[in-house]
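Chain and residue survey
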Amino acid sequence: MAVGTLVRPSRAKSALTGIRNFSADRVTLIFIVILATIFLSAIFATWIVPGDPFKGNLRDRLKPPAWSEKGDSKFMLGTDPQGRDILSRLIMGARVSLTVGFGVVAIAGLVGTIAGLVAGFFGGRVDQVIMRILDVQFALPGMLVALTIAGVLGPNMKNLMIALSVNGWMVFARVIRGMVLSIKNRPFVEAALAVGCSRWRIVFVHIFPHTLASLSTLAVIEVARIILAEASMSFLGLGIQPPGASWGLMLGEGRMYITTAWWLVTFPGLAIAITILSLNMLALRMRSYSDPLQRRAMKF
Amino acid sequence: MHRYIIGRLLFAIVVVLAASVLVWLLTHWVGDPVKLLLPLDASRDQVEQLRSSLGLDQPLWVQFKAFAAKAVRGDFGDSLWQRRPAMTVAMERLPATIKLVGAAFLVAVILAIPLGVLASIKPGSALDRVTSILALQGVCIPDFWLGLLMMMLFSVKLGWLPTSGIGGFNYLILPALTLSLRPMGRMAQMVRSAMLDQLGEQYVTTARAKGVSELKVVLVHALKNAAISIVTIAGWELGRMLAGYTVVVEWLFTWPGIGMLVIQAIDNWDFPLLQASVILIGVTVSMVNLFVDLSYSFFDPRIRGED
Amino acid sequence: MSWKKVLVLLLALVLVGTLAAACKKKEEPKAGPTPGQQEPKKEEPKKEEPKKEEPKVIDKPLVIGMGADPNSLDPHALNDGNERLITANIFEPLVRQLPTSFELKPLLATKWENVNDTTWRFWLRNDVKFHNGEPFNAESVAGTVKRALNPELNSGYLDLWEGISDAKVVEPFVVDIITKDRNPLVPMRMAWFPMMDPKYVQSVGKDVVEKAVGTGPYKLVKWDRGSGIELARNDAYWGPKPAIGKVTFKFQKEDATRLMALRNGEVHIARDMLPEFKDQMPGFKSISGVEFPVFRINAKHPILKDKRIRQALNYAVDKEALKDQLYSGFARVTQCQQGKVEFPGGNPNLKPYPLDVAKAKQLLADAGYKGQKIEMIGERGRWLKDGELIEAVGAMVKDIGVNVDVKILEFSKWLEVYFDLGNPTDLIFVSNSFDLGDQDRPFSGYIASTGRSSTYLDNIPDLDAKILELRSEMDIQKRNAGYAALWERACDDPPWIYLLNLDDIYGVDPNLNFDPRQDQKILVQEITWKK
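Residues numbered from 1 in each chain as written. Chains lettered and ligands numbered in written order. Predicted model: local features only at pLDDT ≥ 70, side-chain atom pairs only at ≥ 80, totals over all residues. Heavy atoms only, no water.

Right, let's talk about the overall build of chain A for a bit. Per the secondary structure count, chain A includes twelve helices and zero strands. Secondary structure elements of chain A, listed N to C terminal, follow the sequence α-α-α-α-α-α-α-α-α-α-α-α. A fraction of 72% describes how many contacts in chain A between residues 6 or more apart in sequence connect residues 24 or more apart. Carbon and sulfur atoms provide 67% of the accessible area of chain A, an area that totals close to 11,700 Å². (Helix = DSSP H or I, 4+ residues; strand = E, 2+ residues; numbered from the N terminus. Contact = heavy atoms within 4.5 Å. Areas by Shrake-Rupley, 256 points an atom, 1.4 Å probe, with all protein chains shown as cover.)

Structure, rendered in structure tokens:
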């Protein structure tokens, strides 16, 4: 319900002008810089980590951040109960978060988009069936289903991605279907039909590109949502397992020590919050630029 | 009207059925709970004996038939871990969850509606910005992290509130606050935009022109008409809290509700209990959804006349 | 449009939270020892002043904070420490272990004796009544034993009662415990056999899981699932009247919650405290426990069958660092055996493998190890700091050049792997507890080739025979000497990576006279208030 209102049909042209205006906005630029930093550190994680993210020395365990009294300049953000450098683990965790976020969105987005295109364009029984499945799945307790899948298959990154993908495709299907419905009666589609283009060709070559602007905005929002979901599941112990590094896992491991080591839970949470905030800000901007209507409505 | 209700009811039943079949298939697909039930040193004979006494050596479809036949009568088998009827165990945990979700929902609604209404009166005002920030925060900050930070501040540092567990009212404060933040932010935002839509309508202009006081315009005319959207979003958020958010918050604060039970059931490989809990949550969420659907007809006479 | 303000405000909010959390560092713990505290390394409890000096009895309610609900209050159903903690106050066995040793003292039985190879005879007290008023007698014992051994109950304690096959009434207050074979451990096994009223159990049926009726000094008042259990003094108790009239067990899963509850007086005894809490607790007591975490090595593995590799793994682990850093000194390095040297059958001459990376590497090279992958399986959340211990040991083993792949599994998955002896994993973490004060379990269970979880070599001809022989050896002296000799072999040709023996840490209200027991029970009748 809520999702349906997020994205409205857009015009390809305004998207172009949007991109030009994009970089002019300084605040947006800040978020882009933050995101780029997170991306680059995730990609080059292995080279830039200051310490070993997976192995520590027990004698360095639970060191507070470098600026504290008992801190050690070797460990900027302190160490965890295994004596591993928190900063290094955060950087490796970025890799996990982004892999899961983009991986799931790629899978769920692909399935959902195809389902949405097919349902919207062909209508009839196909549409009926897809929409019923969608309705039922929307009404299911999604998080619980994901937890059950991850629990049953065994907690690791692959299964986590399966679990989240199973729950992620519906949003794409619903949004794309709505857009196809509004696009398919436009003259250019009718013209293409008249010329004798095959229906599959019309769907993928003529209609699909018109959904791209909104699709990319939705994808960014979904990446943010999935990153949060990954963190929650790893926090519950049903996601990434140690000695792997995931922000959610770090929070989960640190909870035991909240009375003695505040830095264990502070920094990973900050990393999640900043990443998700940046992604959402980016999505908001993308939407306001690709859709002038939305842009006017934005009042911050 | 009747057709509408029956339609929604049927849909709710389909959802619960789908949830049951899905969870049953998942839990029977892989895994073997038997070894969990025996001491570490159990012999292989003991393992086999227990497996056949639980019927786990039967083919999958036979097991499903047996499950379905019993489930129809409300019997979901015994919890492997607690050795009591699984549904009883799950039902015992439901009140705690309802207490938590109810409290969080109340906090969210009580704060979100005034916040959204006030923000809509003066778009762009300071209050409007606060609403936007809350909404954004709800989406961006992991609730369990916020809960952890509050725990460190209010429990560990200041010692005002217990860190976790269940007990009197003071045990409820932190989990309910944590759980309420995300829905509150989103609801405030939705209330705001629903109100903005209404305030732009013709009838509002007319009412204003007729000299109706602004307070009355906002609270009586616009809010009443925005109510349907507000109820929708509130119901949606309530469903989401029950169906997911509460799991993490309950786990964080070790609140012995049904969300925590789900995780315990997974950890203990107790699939009758997992099934019973997920199905029970499914039923509860479906009931909330049904209630929201029905309340449409109350707020929107057009649906009532549809029959 | 003030995007900047939004951003600044948001970040400010986040920072406030962070700083608030950071500030707590300033709060330094009180310096110096607090009354009731005890040095971690010292194991002997302080000599208590005799109780008779205190003329008046203080009857204040006691609250005990523990990790979780018991699964059941049926003391024979599931092997569950949380259940035992509570039912030990409601039910009583025939004999009881002394607080800090494996010696037995009479409880419901006044004396016992080995009549023949398969019979142990127990003489019972004749003044004991169950909470429901029914008398306790030989019929009760026989009924209890028969019920508990019934395969339908599928008791989790079967391994502790191993060999016991039946019980027979001899006289109204004399009962025989029948065993399959010679079984020198029957009296100790009976310490793990709480007595129930068989007729009552029959009458309540399935409800027995929450209707506990025993002979003990406390009666069940109510059980709020997920929250707590309340017990009240049994005024008709046959023994000395306990000082404390009302006791509540509160379930608080998080260690930090129990700590905070202890600090603000909400609970008076907090179980399973972390070593890190040492300076934050108002008082604490620790006792060297009976848990022995180890890594089981699959000695049938083509590489690991070479004992030099298994020795190298033992040389790789810095047990002192684990003890001092991970457990803040609340542990002892085991002396190359599964148990303490002072336990019956322990071998005081053995020394732990020291940390010696060079030697370990040499041994690996001698054995021709070429970097083949070795799998290491662990779990998390079952035992004190288990996940951290596994990760740390994994890292140490990596340091000597073993290509080890650490996998942390869910407990249920871990169990599957642990018991899959057909296809055993290379290294797997497990914590074995030494409950019976006897060495048979480690040898029969984990070393003999027929052992239920043994992946040890099966080509040592005399080993199985020797284990079998000691198992039914009734002469305790001979038995213990035999085990001590076996440990020497199991140290040189190790079935495990030997690690530590952990302490149990209890947070304790300084106004309480409480000493932890080796068997991890909290017997409220042994606890009194100072003021």
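Regarding its fold elements, chain C presents 14 helices and 21 strands. Counting all 531 residues of chain C, 61% fall into the buried class. Surface exposure of chain C reaches about 21,000 Å², of which carbon and sulfur atoms provide 51%. (Buried < 20%, exposed > 50% of the residue type's maximum accessible area, 1.4 Å probe, protein only.)

What follows concerns the pairing of strand β12 (residues 284-288) of chain C. Where a strand is regular, its side chains alternate between the two sheet faces. All names here are of chain C. Of all the five residues making up β12, five are buried; the element is thus mostly covered by neighbouring parts of the structure. Burial along β12 is two-sided: the face carrying Phe 284, Ser 286 and Ser 288 and the face carrying Lys 285 and Ile 287 are both buried. Here five bridges tie β12 to strand β19 (residues 500-508), and the two strands are oriented antiparallel to one another. Residue pairing in the sheet places Ile 287 in a bridge with Asp 504 of β19. (Pairing = 2+ DSSP bridges.)

With that settled, consider the nonpolar core. Ranked by internal contacts, the top residues of the largest apolar core, which has 184 residues, are Leu 147 and Phe 235 of chain A. Sorting elements by how many residues they give to this core places helix α9 (residues 199-235) of chain A first, with 17 residues. Counting 73 residues, the second largest nonpolar core, distinct from the first, contains Tyr 157, Leu 160, Ile 229 and Phe 343 of chain C. (Core = buried A, V, L, I, M, F, W, Y, C linked by side-chain atoms within 4.5 Å.)

Turning our attention to the packing of aromatic side chains. Enumeration according to the criterion identifies 37 aromatic pairs over all chains in this entry. Ring centres 6.1 Å apart and planes at 10° place the aromatic pair Trp 200 of chain A and Phe 204 of chain A in the stacked group. Of this pair, Trp 200 of chain A and Phe 204 of chain A both sit in helix α9, four residues apart, which is roughly one turn of that helix. Overall, Trp 200 of chain A belongs to the partly exposed group, its relative accessible area being 49%. Both rings, one in Tyr 237 of chain C and one in Trp 238 of chain C, keep their centres 5.2 Å apart while their planes meet at 45°; by these two values the pair is tilted. Pair check on accessibility: Tyr 237 of chain C and Trp 238 of chain C agree, each one buried. Among the aromatic residues, ring-to-ring pairing joins Phe 295, Trp 383, Trp 414, Tyr 418, Phe 419 and Phe 429 of chain C into one connected group. Positioned above the aromatic ring of Tyr 245 of chain B, the side-chain terminus of Arg 182 of chain B is 4.1 Å from the ring centre. (Phe/Tyr/Trp six-rings, centres within 6.5 Å; stacked < 30°, edge-to-face > 60°. Lys NZ or Arg CZ within 6 Å of the ring centre and 35° of its normal.)

What follows deals with the interface of chain B and chain A. Much of the literature gives interface size as the accessible area that the parts lose upon coming together. Listed per partner, the contact involves 50 residues of chain B and 42 residues of chain A. Both sides together, the interface formed by chain B and chain A hides about 4,100 Å², and carbon and sulfur atoms give 82% of it. The largest per-residue losses of area from chain B upon contact with chain A belong to Phe 144, Trp 145 and Trp 236 of chain B, which jointly make up 15% of the total buried on that side. Between chain B and chain A we count zero salt bridges in total. Where chain B touches chain A, the interface holds four residue pairs in polar contact (both at pLDDT 80 or more). Elements that contribute at least two residues to the side of chain B that touches chain A include exactly α1 (2-29), α6 (126-140), α7 (143-157), α8 (169-199), α10 (214-252), α11 (258-267) and α12 (271-299) of chain B. For the side of chain B that touches chain A, the element with the most residues is α1 of chain B, which contributes ten residues. Considered class by class, the residues forming the side of chain B that touches chain A number 40 nonpolar, six polar and four charged. (Buried area = accessible area lost by both parts, 1.4 Å probe. Salt bridge = Lys/Arg side-chain N within 4 Å of Asp/Glu carboxyl O. Polar contact = N/O pair within 3.5 Å; in protein donor to acceptor, adjacent residues only side chain to side chain. Nonpolar A, V, L, I, M, F, W, Y, C, P; charged D, E, K, R; others polar.)

Residues and elements named next belong to chain C. Per the domain assignment, the segments making up chain C are domain 1 (57-89 + 216-283 + 509-531), domain 2 (91-198) and domain 3 (288-503). On a C-alpha basis, the centroid separation for the pair domain 2 and domain 3 is 33 Å. Each partner contributes to the interface: domain 2 provides 14 residues, whereas domain 3 provides 15 residues. Across the domain 2-domain 3 interface, the total number found is three salt bridges. Across the salt bridge formed by Asp 159 and Arg 441, the nearest N and O atoms sit 2.8 Å from each other. Remark: the boundary between domain 2 and domain 3 carries three residue pairs in polar contact (both at pLDDT 80 or more). Among the residues making up the side of domain 2 that touches domain 3, the classes are represented as seven nonpolar, three polar and four charged. (Domains from an automatic or database assignment.)

Further remarks concern unusual backbone geometry. Residues and elements named next belong to chain B. With a phi close to 40°, Thr 254 is a non-glycine residue in the positive phi region. Looking at where Thr 254 falls in the secondary structure, it is placed in the loop between α10 and α11. Since its relative accessible area comes to 5%, Thr 254 is described here as buried.

Mapped onto the secondary structure, Gly 154 of chain A falls in the loop between α6 (142-153) and α7 (157-183). Under the relative-accessibility criterion, Gly 154 of chain A is labelled buried at 7%.

Here the focus is the packing of helix α8 (residues 319-326) of chain C against helix α10 (residues 386-399) of chain C. Residues and elements named next belong to chain C. It is the contact of α8 with α10, at a shortest axis distance of 11 Å, that shows an interaxial angle of 145°. Once α8 is placed against α10, the crossing between them reads as right-handed. Within the contact between the two elements, α8 uses Ala 321, Leu 322 and Leu 326 and α10 uses Glu 388, Leu 389, Ala 392, Val 393 and Met 396. The residue makeup of the contact of α8 with α10, split by class, is seven nonpolar, no polar and one charged. (Axes fitted to C-alpha atoms, helices over the stretch in contact; angles between N-to-C directions. Left-handed = near helix turned anticlockwise from the far one by under 90°.)

What follows deals with the pattern of salt bridges. Following the criterion strictly, the structure yields 52 salt bridges over all chains and no others. Put simply, Arg 59 of chain A and Asp 318 of chain C hold a salt bridge, and the shortest N to O gap is 2.7 Å. Of this pair, Arg 59 of chain A sits in the loop between α3 (45-48) and α4 (86-122) while Asp 318 of chain C sits in the loop between α7 (307-316) and α8, on two different chains. In this structure, the salt-bridge partner of Lys 146 of chain C is Asp 166 of chain C, at a minimum N-O distance of 3.0 Å. Pair noted here: Lys 146 of chain C is in helix α3 (residues 138-149) and Asp 166 of chain C is in strand β6 (residues 164-171), with a separation of 20 residues, a long-range link. Relative accessible area serves as the criterion here: at 45%, Lys 146 of chain C is assigned to the partly exposed category.

A few words on the sheet that holds strand β16 (residues 403-408) of chain C. Through backbone hydrogen bonds, the strands of a sheet pair up, either in parallel or in antiparallel fashion. Residue and element names in this part refer to chain C. What the five strands build is an open sheet, ordered β16-β15-β17-β13-β18; its pairing is mixed. The sheet is open, and its two borders are formed by β16 and β18 (496-498), each paired with just one other strand. Across the sheet, the axes of successive neighbouring strands diverge by a mean angle of 30°, strand direction being ignored. Two strands pair when backbone bridges link them, and strand β13 (residues 291-297) and β18 are joined in this way by three bridges, in the antiparallel orientation. Residue Val 294 lies in a different strand from β18, and its bridge partner there is Tyr 498. Packing of α7 onto the sheet brings it into contact with β13, β17 (427-433) and β18, and relative to β18 it is tilted by some 25°.

This part is about helix α14 (residues 476-492) of chain C. All names here are of chain C. The first and last C-alpha atoms of α14 sit 25 Å apart over 17 residues, in line with the 24 Å expected at 1.5 Å per residue. Among all positions in α14, only Arg 479, Asn 480, Gly 482, Tyr 483, Ala 484, Leu 486, Trp 487, Ala 490 and Cys 491 are buried. The residue sitting at the N-terminus of α14 and contributing the capping side-chain oxygen is Asp 475; that oxygen lies 2.9 Å from the backbone nitrogen of Gln 477. (Expected span 1.5 Å × (residues − 1).)

Another point: α10 of chain B. Residues and elements named next belong to chain B. Along its 39 residues, α10 runs just 45 Å from first to last C-alpha, ending more than 12% under the 57 Å computed at 1.5 Å per residue. Largest kink in α10: about 55°, centred on Tyr 245. Remark: Thr 254 follows α10 within two positions and exhibits a positive phi of approximately 40°. (Bend = angle between axes of the 7 residues up to and from the residue.)

Our next topic: the sheet that holds β6 of chain C. Residue and element names in this part refer to chain C. Spatially, the four strands line up as an open sheet ordered β4-β5-β7-β6, and their pairing is antiparallel. The open sheet has two edge strands with one neighbour each: β4 (109-116) and β6. In this sheet, neighbouring strand axes are inclined to one another by 25° on average, regardless of whether the strands run parallel or antiparallel. Sheet topology note: the β4/strand β5 (residues 119-124) ladder contains six bridges and is antiparallel. Of the residues in β5, the one forming a bridge with Lys 111 is Trp 123. Set on the sheet, α3 makes contact with β5, β6 and β7 (174-179); between it and β6 the angle comes to about 165°.

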